[in-house]
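Secondary and tertiary structure notes
Residues per chain, in single letters:
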Amino acid sequence: MRAEISALKDSIEQSSELLRRRLDWDTARKRLDELNARAEDPGFWDDPQKAQSLMRERNRLEGAMTEVREIESELADNLEVAELAEADGDEALFDEAHAALKALSDRAGRAEVQALLSGEADSNDSYLEIHPGAGGTEAQDWAAMLARMYTRWAQASGYKVEVIEEQPGEEAGLKSITLLVRGDNAYGWLKTEAGVHRLVRISPYDSSGRRHTSFASVWAYPLIDEAIDVEIDESKVRTDTYRASGAGGQHVNKTDSAVRLTYDMPGQDSAIVVQCQNDRSQHKNRARAWDMLRARVYELKLQEREAAAQAEAEAKTDIGWGHQIRSYVLQPYQMVKDLRTGVETSDTSRVLDGDLDAFMAAALAARVGGGEAEA
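Bear in mind that the values here come from a model prediction, so they are computed numbers and not experimental data. (Residues numbered from 1 in each chain as written. Predicted model: local features only at pLDDT ≥ 70, side-chain atom pairs only at ≥ 80, totals over all residues. Heavy atoms only, no water.)

**Some points on the nonpolar core**
- Judged by nonpolar contacts, the single largest core of 62 residues is most densely connected at Leu146, Tyr150, Leu293 and Tyr328.
- In terms of nonpolar packing, the next biggest core, distinct from the first, is built from 25 residues, Leu32, Ala51, Leu79 and Ala111 among them. (Core = buried A, V, L, I, M, F, W, Y, C linked by side-chain atoms within 4.5 Å. Buried < 20%, exposed > 50% of the residue type's maximum accessible area, 1.4 Å probe, protein only.)

So this is what it looks like as structure tokens:
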């Protein structure tokens, strides 16, 4: 058992050292002192937007540094308990210290992954768009399954989810859906899910019980604030209004309150289309649609930077935005496999119920470890 304690000690110490290096500990401490001093300035909140941005930075730094200190303190405490228990021959106490160190090792590992979320927009809220591929009802049902999966993941992660736009399928499923996931690092996690997702199953819509393959695309892009300047040529943006779809009865809009923006962005092969219908007010939907458009354009700029920095690596790995990233096989066997990292599981029900952390963590580590530019 002592060998296991020693191995856990080494693992936790290694995680702690990596966390300190990623934080650039001395620089982070000085920056936190600076932010704390600025927050005490009587005029700090004269510019609320800037103040909020600085407070978010302060809270992230303070949280990360507190996490490292707690891990190191708990390591020392539990090692001391283990040594005393071993000296006294107290097996129950020794087992308790061993269990605590194992839990601490898991916590340190999660903190390591969390530390990878240091990109320009990683801490932001995130839009998540899901669109079915060809295949009619079967593909639309797969899009709805993905929407449920991400909603469950977000809720389990403590995030709030808002439906911004939803187009139901004729028989079942979704023609499209846009979610807004709110919470710290929402975009940092969800950006790992961008790409094409493939489902293989016996279709419930096929009376012959044949196996079908369906595809759906997922796209994540960060919610950005007014402080970030995004250049859009408004002369190339077309605005359309239409009646929002709904469940029927009193929930169906009687006016053209839904808004769709189509932007022929210079340098892009196809137009950017965003739409919003979650409010009865056309004015509010228009404002939200413009926010979404700015976010989409900003995300494209981030992608361009990432592609330029990672062109050689992507040529070797064939990993990029829009490629198939994960396969979900329900028939003739049960398997979910990430095609970028090789992470797989036979527990398909848990994955489809939102258990995505292992896939996200591996994809995030691969992005950073493979030398990709942080978005």
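**Describing the side chain of Glu299**
- Inspection of the secondary structure puts Glu299 in helix α7 (residues 282–317).
- Reaching out from Glu299, the side chain makes a polar contact with the side chain of Tyr187 at a distance of 2.6 Å. (Helix = DSSP H or I, 4+ residues; strand = E, 2+ residues; numbered from the N terminus. Polar contact = N/O pair within 3.5 Å; in protein donor to acceptor, adjacent residues only side chain to side chain.)

**Looking at the sheet that holds strand β7 (residues 258–263)**
- Reading across the sheet, the 3 strands line up as β6-β7-β8 and stay open at both edges, with antiparallel pairing between neighbours. Across the chains shown, the open sheet's two edge strands, defined by having one partner strand only, are β6 (237–242) and β8 (272–276). For this sheet the average axis-to-axis angle between neighbouring strands, irrespective of direction, equals 15 degrees.
- Of the pairings in the sheet, the one linking β6 to β7 comprises 6 bridges and is antiparallel in character. (Pairing = 2+ DSSP bridges. Axes fitted to C-alpha atoms, helices over the stretch in contact; angles between N-to-C directions.)

**Some remarks on the sheet that holds strand β2 (residues 160–168)**
- Read across the sheet, 8 strands follow the order β2-β3-β1-β5-β4-β9-β10-β11 without closing on themselves; strand pairing throughout is mixed. Each of the sheet's edge strands pairs with one partner strand only, and the pair in question is β2 and β11 (344–345).
- Lying over the sheet, helix α5 (residues 137–156) contacts β1 (126–132), β2, β3 (174–182), β4 (195–202), β5 (211–222) and β9 (324–329), oriented at roughly 45 degrees with respect to β5. (Contact = heavy atoms within 4.5 Å.)

**Looking at the packing of aromatic side chains**
- For the structure on display, the rule yields 5 aromatic pairs.
- Between Trp153 and Tyr159, the aromatic rings sit 5.5 Å apart at their centres with planes inclined by 55 degrees, giving tilted as the arrangement. Assigned by exposure class, Trp153 and Tyr159 land together as buried.
- Aromatic ring contacts, followed pair by pair, group Tyr127, Trp219 and Tyr221 into a single cluster.
- The positively charged end of Arg20 is found above the aromatic ring belonging to Trp25, 4.0 Å away from the centroid. (Phe/Tyr/Trp six-rings, centres within 6.5 Å; stacked < 30°, edge-to-face > 60°. Lys NZ or Arg CZ within 6 Å of the ring centre and 35° of its normal.)

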